[in-house]
Amino acid sequence: MSGQINAFEMAQKQFDGVAKQLKLDPGVAEVLRWPMREFSFRIPVRLDDGSLRVFQGFRVQHNDARGPNKGGIRFAANETMDTVRALATWMTWKCAVADIPLGGGKGGIIVDPSTLTVNEKEEMCRGWVRAMWKNIGPRNDVPAPDIGTTPQMMGWMMDEYSRLVGQYTPGVFTGKPLGGGGSLGRTEATGYGVIYTVREAMKHLKIDGKNSVAAIQGFGNVSQYAAAGFVEMLGGQVACVSCWDRHDKKAYTYSKKGGIDPRFLLTIVDEYGTIDKAKAQDAGYIVEDGDAWITKEANVLIPAAMEGQVTSDTVGKMSKNIKIVAEGANGPCTPEADEFFKKNNIFNIPDFLCNAGGVTTSYFEQVQNDMNFYWSKEEVLERLDQKMTSAFNSVVDRSEKEKVYMRDAAYMVAIDRVVKAMDLRGWLTGNA
Ligand code: NAD
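Every value quoted in this text rests on a predicted model; they were computed, and no experiment measured them.

1. What to know about the overall build of the chain
Reasoning step 1: Within the chain, the regular secondary structure consists of 14 helices and 12 strands.
Reasoning step 2: Rg of the C-alpha trace for the chain: 21 Å, near the compact-globule value of 22 Å for 432 residues, within the 12% margin.
Reasoning step 3: For the chain, the spread of C-alpha atoms along the principal axes amounts to about 55 × 55 × 45 Å.
Reasoning step 4: Looking at the chain residue by residue over its 432 residues, the buried ones come to 60%.
Reasoning step 5: Sequence separation of at least 24 residues holds for 71% of the intrachain contacts in the chain that already meet a minimum separation of 6.

Pasting the structure below:
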């Protein structure tokens, strides 16, 4: 599905629509619809068999008016510069809507990390840093994990950067392992953040969480804790989760009568988000095709795997009872799907609001690194809940005030904040 969709064209299309509604100066719009800086580089890696292979790396810095660029590094076989551009752009809006003092960045390497040994992964991580270290840092660009990258990898990357600059610099990467500069609560942050916004949407729409059912795409970092949070915090049921099976090279949907048990599935999923199919079947799970997740009977849809999944082709397959679409992934719903949601009065929690919990906790991690003083998990999650609730409320308020769709309202809040920061820094007067 995602192969046909250019995520950057989608990000620009969304931005253009709102820029028009905001009557944004065309010059200012031109600044914001493209990244400010882009890096494309080659990373030579000596493989364990002795051969030398060269991998393609990227980093895009979209806008740093509000603070250092911030955003993950993705290791994926289908990574492209346009995907990285789109994700960097969305990071600018995400940090602005969450009201954290950071800008938008994203990076990646074209590689399937599951094909690498531990040693090769470490070499790849250190190689990425050797290519980029002069252009990243706690005061200009702070990367983090994303699809295909892990806390351990952030630890290696932080170590390589610290060696190159000659001093321990934990705040250069976030999402680091606990005990290696990481923050408690970071693992759960994005998924729980999704659920804090779903909880607020349910309050807003007067929906009872205990009578709610979610259909979730993905069973990686975001979807694992969104599933757990939906059951444990809202008292609801999760009809299904899905995953890409890296052994069979295809996606599957896992469901169970009475709802799946996220904590059980957590015990049989690997670090790449592939559920052990045989163990799931032994435990009574029904395994269907990867597309089945969207058809499941539910009132909340949480696409939390990857971009371009809810499209003009798939949106009509959704249960007629869906009232909330909570975008755990970045860019999971196309503009055509948005039109369907608008027509059918489906409440959308847009990606850069819904999944802002990860970057918010990354920001908390950086703050703790700077202070060299670490908070308890309860403190992290409490602060996260406050930030997510306040971000949700500012978007709902704008949506009601301007009578606009939630995604447009989120863009309006974010664009206003970024434009204000550019203006206050004198970037728009011609003297900067
Ligand atoms: P992950 O790699 O941990 O998990 C991705 C999951 O999606 C895996 O279970 C994988 O098997 C599954 N998947 C991949 N392709 C699929 C397909 N075609 N059908 C069904 N399942 C499929 O990644 P993640 O960190 O959970 O990120 C998921 C999404 O959320 C991405 O869009 C990412 O950019 C976004 N996001 C992540 C974070 C974070 O903190 N991890 C923060 C914000 C946004």
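What follows picks up the thread again.
2. Here we look at the side chain of Glu200
Reasoning step 1: Topologically, Glu200 is positioned in helix α6 (residues 186-205).
Reasoning step 2: For Glu200, a relative accessible area of 8% puts it in the buried group.

3. Details of the site of the ligand
Reasoning step 1: The local shell around the ligand holds 26 residues, among which Arg74, Thr190, Trp244, Gly273 and Asn330 are the closest.
Reasoning step 2: Contact distances for the ligand include 2.9 Å between an oxygen atom and a backbone N or O atom of Asn221.
Reasoning step 3: Between an oxygen atom of the ligand and a side-chain N or O atom of Asn330, the distance comes to 2.8 Å.
Reasoning step 4: Only α6, α7 (221-232) and β7 (237-245) provide two or more residues apiece to the shell around the ligand.
Reasoning step 5: Per element, the largest residue contribution to the shell around the ligand is 3 residues, and it comes from β7.
Reasoning step 6: A class-by-class count of the residues in the shell around the ligand yields 11 nonpolar, 11 polar and 4 charged.
Reasoning step 7: In this structure, the shell around the ligand is formed jointly by two domains, domain 1 (34-169) and domain 2 (187-354), each of which donates at least three residues.

4. Some points on α6
Reasoning step 1: Between its terminal C-alpha atoms α6 stretches 29 Å, which fits the 28 Å expected from 20 residues at 1.5 Å a residue.
Reasoning step 2: Along α6, the sharpest change in direction is near 30° and occurs at Tyr192.
Reasoning step 3: Within α6, 15 of the 20 residues are buried, leaving the element largely enclosed by the surrounding structure.
Reasoning step 4: Where α6 terminates, the next one or two residues include Lys206, which has phi positive at roughly 55°.

5. Overview of the nonpolar core
Reasoning step 1: Membership of the largest hydrophobic core comes to 70 residues, with the highest contact counts inside it found for Leu32, Trp90, Trp93, Phe230, Val241, Ile275 and Ile302.
Reasoning step 2: With 12 residues, the single largest contributor to this core is helix α14 (residues 406-424).
Reasoning step 3: Each of domain 1 (34-169) and domain 2 (187-354) contributes no fewer than three residues to this core.
Reasoning step 4: Once residues lying within four places of it in the same chain are set aside, the contact partners of Leu32 are Phe15, Leu24, His62, Asn63, Trp93, Ile415, Val418, Val419 and Met422.

6. Description of the pattern of salt bridges
Reasoning step 1: Going through the model one piece at a time under the given rule, you end up with 35 salt bridges.
Reasoning step 2: With a shortest N-O distance of 3.1 Å, Asp99 and Arg66 are connected by a salt bridge. Here Asp99, found in the loop between α3 (81-97) and β4 (104-110), pairs with Arg66, found in the loop between β2 (52-63) and β3 (69-76); they are 33 residues apart in sequence, far enough to count as distant.
Reasoning step 3: With a relative accessible area of 38%, Asp99 lands in the partly exposed category.
Reasoning step 4: Across the salt bridge formed by Glu200 and Lys203, the nearest N and O atoms sit 3.0 Å from each other. A residue pair is termed a helical-turn pair when its members lie 3 or 4 positions apart in one helix, as Glu200 and Lys203 do in helix α6 at 3 residues.
Reasoning step 5: One continuous salt-bridge network, built from bridges that share partners, spans Glu122, Glu123, Arg126, Arg130, Asp159, Glu160 and Arg163.

7. Some words on the state of the cysteines
Reasoning step 1: Evaluation of the coordinates by the stated rule reveals 0 disulfides.
Reasoning step 2: Take Cys240: it sits in no disulfide, and the sulfur closest to it among the cysteines is that of Cys243, at 11 Å.
Reasoning step 3: The exposure class assigned to Cys240 is buried, which follows from its relative accessible area of 0%.
Reasoning step 4: With no disulfide partner, Cys354 has as its closest neighbouring cysteine sulfur the one in Cys333, 9.9 Å distant.

8. What to know about the domain arrangement of the chain
Reasoning step 1: If you check the domain split of the chain, you get domain 1 (34-169) and domain 2 (187-354).
Reasoning step 2: Each of domain 1 and domain 2 has a C-alpha centre, and the two are 27 Å apart.
Reasoning step 3: The interface is formed by 15 residues belonging to domain 1 together with 12 residues belonging to domain 2.
Reasoning step 4: Taken together, both faces of the contact between domain 1 and domain 2 bury some 1100 Å²; the carbon and sulfur share is 57%.
Reasoning step 5: When residues of domain 1 are sorted by the area they lose upon contact with domain 2, Trp90, Lys94 and Ser114 head the list and together hold 39% of the total.
Reasoning step 6: Across the domain 1-domain 2 interface, the total number found is 1 salt bridge.
Reasoning step 7: Put simply, Arg74 and Glu307 hold a salt bridge, and the shortest N to O gap is 3.2 Å.
Reasoning step 8: Counting every contact that joins domain 1 to domain 2 gives 3 residue pairs in polar contact (both at pLDDT 80 or more).
Reasoning step 9: Looking at the side of domain 1 that touches domain 2 element by element, the count peaks at 6 residues for α3.

9. Digging into the environment of Val129
Reasoning step 1: You can see Val129 is positioned in helix α4 (residues 118-132).
Reasoning step 2: With relative accessibility at 0%, the residue Val129 sits in the buried group.
Reasoning step 3: Placed 35 residues apart in sequence, Val129 and Leu164 show a C-alpha to C-alpha distance of 9.1 Å.
Reasoning step 4: If sequence neighbours within four positions are ignored, Val129 has contacts with Met157, Glu160, Tyr161, Leu164 and Phe173.

Quick notes on the rules
- Residues numbered from 1 in each chain as written.
- Predicted model: local features only at pLDDT ≥ 70, side-chain atom pairs only at ≥ 80, totals over all residues.
- Heavy atoms only, no water.
- Helix = DSSP H or I, 4+ residues; strand = E, 2+ residues; numbered from the N terminus.
- Rg over C-alpha atoms; globule rule 2.2 N^0.38 Å.
- Buried < 20%, exposed > 50% of the residue type's maximum accessible area, 1.4 Å probe, protein only.
- Contact = heavy atoms within 4.5 Å.
- Near = heavy atom within 4 Å.
- Polar contact = N/O pair within 3.5 Å; in protein donor to acceptor, adjacent residues only side chain to side chain.
- Nonpolar A, V, L, I, M, F, W, Y, C, P; charged D, E, K, R; others polar.
- Domains from an automatic or database assignment.
- Expected span 1.5 Å × (residues − 1).
- Bend = angle between axes of the 7 residues up to and from the residue.
- Core = buried A, V, L, I, M, F, W, Y, C linked by side-chain atoms within 4.5 Å.
- Salt bridge = Lys/Arg side-chain N within 4 Å of Asp/Glu carboxyl O.
- Disulfide = S-S within 2.5 Å.
- Buried area = accessible area lost by both parts, 1.4 Å probe.

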